[in-house]
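Coordinate analysis (summary)
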Amino acid sequence: MRLNIALLLTSNVVLATSFIINPLGTTIAPKTSQSRGILAAPFSTHLSVLTSDTSTQEVASSSSTRSPLGIPGTADLNWESLGFEFRPTKSNLRITYKDGEWGEFELCEDPTINIHMGATALHYGQACFEGLKAFTHPDGTVHVFRPKENAYRLSTSCTRVVMPVLPEETFLHAVNEVVRDNIEYVPPYGSGGALYLRPLLFGSGPRIGLQPADEYTFILMVMPVGDYYKGGLASPVDGLLITDFDRAAPRGVGNVKVAGNYAADMLPNMVSKSKGFPIGLYLDAKTQSMVEEFSTSNFVGIDSKNNKYVTPKSPSVLPSITNKSLMTIASDEGMVVEEREVQLDELESFDEVLACGTAVVVTPVGSITLLGDVEDPDDVEASDVKKFVFGDSSEIGPVTRNLYDRVRAIQYGEEEDRYGWNMKIE
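What counts, and at which threshold
- Residues numbered from 1 in each chain as written.
- Predicted model: local features only at pLDDT ≥ 70, side-chain atom pairs only at ≥ 80, totals over all residues.
- Heavy atoms only, no water.
- Helix = DSSP H or I, 4+ residues; strand = E, 2+ residues; numbered from the N terminus.
- Buried < 20%, exposed > 50% of the residue type's maximum accessible area, 1.4 Å probe, protein only.
- Contact = heavy atoms within 4.5 Å.
- 1 Å grid on protein atoms, 1.4 Å probe; cavity = no way out; pocket = protein on both sides within 12 Å on 5 of 7 lines; lining within 4 Å.
- Points joined across faces, edges and corners; volume = space filled by probe spheres on them.
- Nonpolar A, V, L, I, M, F, W, Y, C, P; charged D, E, K, R; others polar.
- Patch = residues over 30% accessible without salt bridge, like charges linked within 9 Å, V, L, I, M, F, W, Y side chains within 5 Å.
- Areas by Shrake-Rupley, 256 points an atom, 1.4 Å probe, with all protein chains shown as cover.
- Salt bridge = Lys/Arg side-chain N within 4 Å of Asp/Glu carboxyl O.

Remarks on the side chain of T363
- Within the secondary structure, T363 is located in strand 18 (residues 361-370).
- With a relative accessible area of 5%, T363 lands in the buried category.
- Contact partners of T363, with chain neighbours within four places excluded, come to Y229, V237, V353, L354 and A355.

Quick word on the layout of surface pockets
- Of the voids in this model, the largest pocket is the one considered here, and its volume is about 990 Å³.
- Y228, Y262, T296, S297 and A359 are, among the 38 residues lining the largest pocket, the residues nearest its centre.
- Among the elements of the structure, strand 9 (194-203), helix 6 (259-274), helix 7 (321-332) and strand 17 (352-357) are those that each provide at least two residues to the lining of the largest pocket.
- Examining the composition of the lining of the largest pocket, we find that nine residues originate from one element, helix 6, more than from any other.
- Partitioning the lining of the largest pocket into residue classes produces 19 nonpolar, twelve polar and seven charged.

Here's the deal with a nonpolar patch on the surface
- Taken together, I113, I115 and L122 make up a surface patch of nonpolar side chains, about 250 Å² in accessible area.
- Relative to the helices and strands, I115 is located in the loop between strand 5 (106-108) and helix 3 (120-124).

Structural notes on the pattern of salt bridges
- For the structure on display, the rule yields 18 salt bridges.
- The partner of E338 in a salt bridge is K308, and the shortest N-O contact between them spans 3.3 Å. Note that E338 is positioned in strand 16 (residues 336-340) and K308 in strand 15 (residues 308-312), a separation of 30 residues in sequence.
- A residue is classified by how much of its surface remains accessible, and E338, at 18% relative accessible area, is buried.
- Residue class for K308 comes out partly exposed when judged on its relative accessible area of 24%.
- Here the salt bridges share partners, and the residues they tie into one network are K308, E338, R340 and E346.

Read these as geometric descriptors, not functional statements.
Next up, the structure:
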């Protein structure tokens, strides 16, 4: 694969293209020192700095310089009352890209960063992120769910907004090291919690004209989280069709996980919630006739009569790793999986609808309302109001329940990982 980009003949753009013209799977690995150094970390604590080209296996085998893996769930926290929110932990991991190469890993205890006021992330939105989780299994080992998929999706986001791609090996090594260093904050098995990882990559070098930065920063922060909804799987929620805003334009950045996509959704999201709808569903920006995705989650429709699992295929939809996992499980269970265009009127054919993503796995959706020009959602007599109801809208559907249980069982090590999705922390 080769990207054809009209280039301005400046040294800055030439620098930028040096890391985006390579195919995502064959990006040239960063040149880093093979030595292992010790740097002074914040609060006078000394933490190891790991070279980013050292493999996880090599690091794990260095018993003479590496302490034994700690025990998950030993931090002083009330594991039963964790919400989905920021919590301080022991450390975060950082890597800087400068002079055409990725530097060394640094484990930092300071949760704040110093950033140049001219950074491209602040002015031009050169920033992307990911989300994934680590789980404690019944035998006390800790595993991260599908990190290779996050590494790949991060690379597509970086390429789209002209940032250096972090190689998969480096990403996986970073995931292992930051979880290892924060192992006591991984919720214990049986608590229903997980360690949430938020990789963030942004332009930290200053630019006033519109052009790529000359420096980038990768940060991997972690925090223990509980179920997004208490009890694990929420009762069906009511959704609102968002018709006065678009999530993403055709050929825009809707299919990558850049920060600006979420900023654009904040106002519609708050408006929907103010009207009593906790989740909003977007249609395609061009025709307003096809279902695309929920605010922060992929759309899935279940047609039980025809044993179908249907999810929209669109260049404006972010490929969900959770959705990809659900599609695999549904197919293996004999369902017909269709990834295709979904017409708005087709909502009437689904008896279950769910929103899926890393934070919740699945959120059952009991109904979706089209208000049209009506401001009051209770004005059910208005001719512009249309409500799509899915099965028994007050109960979690059997297919939704089964898919949720299957994914959770694999994540928590309660079911054989026949797909090879879990990466063990060493």
